[in-house]
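Here is how the chains run, residue by residue.
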Amino acid sequence: MSTLPVPGVPGGSAVSGASVAGRQAATVLPGVAGRSTVSGPGVAGGPIVSVLGVRHHGPGSARAVRQELERLRPDAILIEGPPEADPLVTLAPELEPPVALLAHVPGAPAKAAFWPFAAFSPEWQAILYGTAAGVPVRFCDLPAAHSLAESEERGEERGETEDGERGEERGEAGDEGRGEASGLRADPIGSLAAAAGYDDPERWWEDVVEHRGDTPFEVIAEAMAAVREGYEPDEREARREAYMRKTLRAALKEGYGRIAVICGAWHVPALTGPLPPAARDNAILRGLPKVKAELTWVPWTYGRLASWSGYGAGITSPGWYHHLFGATDRPVERWLAEAAAVLREEGLAVSSAHVIESVRLAHTLAALRGRPLAGLGEVTEAARAVLCEGDDLAVELIQRRMVVGDRLGQVSDGTPMVPLQRDLRDQQRRLRLRPEALDREIDLDLRKALDLDRSHLLHRLGLLGVDWGALGESRGKGTFRETWTLRWRPEHDLALIEQAALGTTVAGAAAQRARDLAATDRTALAELTSLVEQCLLADLPQALPEVLAALSARAALDTDVTHLMAALPAMVRAHRYGDVRGTSAEGLAVIVRSMLERIRVGLPVAVTGLDDDAAAGLLKHVDAVHAAVALLETDGAGEEVSPRSRWLATLRGVSDRQDLHGLIEGRLTRILLDAGELDDAGDRMARAMSRGQVPARAAAWVEGFLAGGGLLLVHDPRLLSLVDGWLTGLSGEQFTDVLPLLRRTFGGFAAPERRAIGERVRSAGSGAREGRQDVDERRAAAAVATVFVILGKEDG
C-alpha cells in the first residue's frame, strides 16, 4: 500500500490510496463511491481515515455505509452537511424520517436552506450508527452561515436554490448533477454509464450499486478520480472542499485514531489525494461573507424528494428506494404484492394469480435485459400489463401512492422550535388534526365546538401564509358548514418561522398580522375588505377595530366599491341571523353600516362608463347587495330611516341618470318597481324601446329589466305588449343583431315561465284576429261577389 504525505497533519500522517486497478475493475463497473485511508507511515495503530463516497439518498449506499461503519468501528464520523447542526445530531434517534435540516437567518427567514434526509440516505444511517455507538458525529461541509450569505449575494430564493440540496448541492451520486454549474462537460454518472454501454444513468446506477448488496467504495473512488482528472473546481466548490479538509485536519489534531468521512462521491478525490497545505485552504476560506444562521429539524415528505415536485433532489422514485432499503429479501415480490393491495383498496379486482404472473414477467424482463434484479422499470411494466391490465390510470395510482409515496416525517418535542411552531403542534393534537402529506378532505359542522375551533385555526393559518388547508364549496346549504382540503408541506414550517416575531400563539400572530396589513399604506381597499372577512372567519375580534378603521379611511379615497359589494351579503346574513362562529354582533353591525354607506356613496361613480362585461359584473353585485339590504332593519341607534330606504333612495337617484348602461338602467327599474318605488315603469320601458334608441341598448334594457324571472310579463299585459310591439317593429337586420341578447334573456327563464309568456302572446294575437273576423258573412256575400267580378273571377 503506497502512502502519500498529508501536509499540515500532525504526527506525519499520510494518505494511503488503495490501488485497485485490475483487482475489482473486471467484476465491478467503475464508478460511484470510494474509500481510502489516511494513516501514520510505519506506525502501527496510527490514525486511519476512511473516506466513503456515496450517493445521497441511495439505498444500496446507505446499507453499505452502515455495514462498513460496523466493520471499521470508527471513533469519529464526519458527514457532509452544515457544522452548525452538530448539536442537533443527538435528536436523530427520536425523529421519523424523512426529515430535513432547516437553516435560516433570524429576522430574515426568507434566507433559508434545507438538507433533506430519508431512511435510505447514507448520511442518515451514519448518524444513527454514531448516536447508537456513542461515536461523535460532526458535519464537515461549508457552514450555513457562509452558504446562506453566498446565496443572498447570488439573489437566490429560498428552498429552490442549490443551497436547498444536500450540503448546498443539486443532484445525486455525489454532485454528479452539478455538471454544467461546475464547468463539467457532462455529469459523472452519465459519463460512466455511457462508458459501460448504458443509455440511462439511473438504470446503470441501480445495476452496479443499488441491486448489488454491497458498494465497491474503492472502485468508485478510482472512477471519480478518473472523471475529475484535469478538472478545476469553481470558487464555490473549492471553498466547500477546502472546509471539508479543514474539518478533517481538526479531527486528526484532536487525536481521533479512526475517522470515517461520508460525503458525495464527487468529493472523494479532493479528500484522499495529496492534500494541499493547510495554508492554501485557509487562504481560500479567508474573507467569506457570513450571516447569523440558526438550524433545526423539520418534517419532510417523499413528494418533496421527488424531482417532479419542483425540488430538484434528483430522486424520481423515493417510495421505490424506501422499499429497496427496507425489503432485504424478495423486494420484487413484496413490491408487486403491495401494488395489488393498493389497487384492491380502490375496488379493482386483483387476485393472487395476477401477482404471481406479474412477478414472473418482471424477472423475465430483467433477465432479457441483463439486469441483476428487476428494477422499477421492469416492475412497472409488469404491473401495467398484468395487475392494471393496461389501464394507465391504475398505473398512475401506483406511481403516486408507492413510487413517490405519501410519507411525512415527524420531529420530536425536544426539537428546537419557535413558540409559534410549538403552539400549532399543541393545537394539532388538541383538535386531532394530524399533518399528512397527501390531500385529505374534511367537512366541518360549525355548530360543534371542535369543528368551530378547527375552522378558526385553519383560517388563522391562512392569514399567516400557512396554506395547510384550502377552503372549498360546502356540499350542504347554510353558513354552518365548511369543506377543507388539507395537505401539509415542509415549507409551512419555514412560513411559521417567518411569522414567529408576530406572536407566540397562532391566534396572537394572526391578529398582529391583520393589524400590520391594515396599517400598510400599500394595502388596497379590496384587500382590506377581504381582511375584514378573514378576521371574522378566524375569530380575531382584537384585530377587527383597527382593520375597520383602516377600511373606513381607505374607502373615502377609493372609488372601486365592487369588492365591498361582494363582501357585504355575508356580513349582513351574519348580522341578521346570528353568526354560528360566535363573532361579536356589535362588531358585525359596525361593519355593515360602514360598508353600506360607502357602497351608497361610491355606486353613482361605479356605474359610469361601463362596457357590457363590466355592466354584467356590477349587476351581480347590485342584486346581491339589494337582497342583503332587505334583511336589515333600523339599528335602533337613533336612525329614523332604515338602511333599506336609504339604499332604495340611492338606486332611485342613479336610475334617473341619462348615461347609464342599458343593462343597469333596466335592472334598477325592475328593482324599484318590485319595491313599490315606481309608478311609471311602463313609460320608462316605452322610452327605452322607442325608435330613437339603438336596438342593442333596448335589448340590454330588457335583459336587465327581466333578469331573475319572466313572471312580470305574464302578469302585466301592458309590459308584455310593449315588448311584443318593440320586437315586431324591428327590421330583419335589427332583429338579427339583438337576437343573441334576447335569447340569453329568455333562455334564463324557467320552462313554465317561457310557456306562460308564449301562451299570453298567442292568446293576444288570436283575440286580434277574432276581432277582425267578427263580420256577418251573409251581409258581406254581395260585396264579396262584386269584388270577384272586378277581379275577373266570376266563377269564384
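J.: I'd like to hear about unusual backbone geometry, residue by residue, with values.
T.: The residue after Pro97, namely Pro98, is reached through a cis peptide bond having omega 10 degrees. Mapped onto the elements, Pro98 comes out in the loop between strand E5 (76-79) and strand E6 (99-105). With a phi close to 50 degrees, Arg330 is a non-glycine residue in the positive phi region. Inspection of the secondary structure puts Arg330 in the loop between helix H11 (318-326) and helix H12 (331-345).

J.: So what about the pattern of salt bridges? Which residues, and what values?
T.: Proximity of charged atoms lets side chains of opposite charge pair with each other. By the definition in use, this model includes 34 salt bridges. Residue Arg240 pairs with Glu80 through a salt bridge whose shortest N-O separation is 3.0 Å. One end of the pair, Arg240, is in helix H7 (residues 235-253); the other, Glu80, is in the loop between E5 and E6, and 160 residues separate them in sequence. Each member of the pair, Arg240 as well as Glu80, carries the same accessibility label: buried. Among the charged side chains, a network of salt bridges with common partners joins Arg369, Arg371, Glu378 and Glu381.

J.: Before we move on, can you summarise the pairing of E5 with the specific residues and values?
T.: The side-chain alternation of E5 yields two buried faces, one formed by Ala76 and Leu78 and the other by Ile77 and Ile79. Two strands pair when backbone bridges link them, and E5 and strand E9 (residues 258-264) are joined in this way by four bridges, in the parallel orientation. From the neighbouring strand, Ile79 faces E9, where its bridge partner is Ile262.

J.: Any details on the packing of H12 against helix H14 (residues 376-387)? Residues and values, ideally.
T.: Across the interface, H12 lies against H14 with an axial gap of 11 Å and an inter-helix angle of 40 degrees. In this view, H12 runs oblique relative to H14, as classed from their interaxial angle. The handedness of the crossing between H12 and H14 comes out as right-handed. Between H12, through Val332, Trp335, Leu336, Ala339, Ala340 and Leu343, and H14, the contact on the second element is made entirely by Leu376, Val379, Ala383 and Leu387. Across the contact of H12 with H14, the residue classes break down as 10 nonpolar, no polar and no charged.

J.: How would you sum up the pairing of E6? Please name residues and give values.
T.: Taken across its seven residues, E6 has seven buried, putting it largely inside the fold. Side chains of E6 alternate between two faces, with Val99, Leu101, Ala103 and Val105 and Ala100, Leu102 and His104 buried alike.

J.: Go over the packing of helix H24 (residues 612-629) against helix H26 (residues 662-674), please, and point to the residues and values.
T.: Where H24 contacts H26, the axes come no closer than 10 Å and their chain directions differ by 15 degrees. By the criterion of interaxial angle, the relationship of H24 to H26 is roughly parallel. Handedness of the H24/H26 crossing: right-handed. Every residue of H26 that contacts H24 at Ala615, Ala616, Leu618, Leu619, Val622, Asp623 and His626 is listed here: Leu663, Ile664, Arg667, Leu668 and Ile671. Per-class residue counts for the contact of H24 with H26 are nine nonpolar, one polar and two charged.

J.: Give me the lowdown on the packing of aromatic side chains, citing residues and values where you can.
T.: Applying the stated criterion across every chain, the model contains nine aromatic pairs. Geometrically, the ring pair formed by Phe120 and Tyr302 is tilted, given 5.9 Å between the ring centres and 50 degrees between the ring planes. A residue pair is termed long-range when its members are at least 10 positions apart, and Phe120 in the loop between strand E7 (108-117) and helix H2 (122-133) and Tyr302 in helix H10 (residues 302-305) qualify at 182 residues. Ring plane angle 90 degrees and centroid distance 4.9 Å describe the contact between Trp320 and Trp335, whose orientation is recorded as edge-to-face. Of this pair, Trp320 sits in helix H11 while Trp335 sits in helix H12, and the two are 15 residues apart along the sequence. A residue is classified by how much of its surface remains accessible, and Trp320, at 0% relative accessible area, is buried. Here the aromatic cluster, defined as three or more aromatic residues joined through ring pairs, consists of Phe117, Trp124 and Trp297. Residue placement shows Arg228 over the ring face of Trp266; its charged tip is 4.8 Å from the ring centre.

What counts and how
Residues numbered from 1 in each chain as written. Predicted model: local features only at pLDDT ≥ 70, side-chain atom pairs only at ≥ 80, totals over all residues. Heavy atoms only, no water. Helix = DSSP H or I, 4+ residues; strand = E, 2+ residues; numbered from the N terminus. Salt bridge = Lys/Arg side-chain N within 4 Å of Asp/Glu carboxyl O. Buried < 20%, exposed > 50% of the residue type's maximum accessible area, 1.4 Å probe, protein only. Pairing = 2+ DSSP bridges. Axes fitted to C-alpha atoms, helices over the stretch in contact; angles between N-to-C directions. Parallel < 35°, antiparallel > 145°, perpendicular 65-115°, else oblique. Left-handed = near helix turned anticlockwise from the far one by under 90°. Contact = heavy atoms within 4.5 Å. Nonpolar A, V, L, I, M, F, W, Y, C, P; charged D, E, K, R; others polar. Phe/Tyr/Trp six-rings, centres within 6.5 Å; stacked < 30°, edge-to-face > 60°. Lys NZ or Arg CZ within 6 Å of the ring centre and 35° of its normal.

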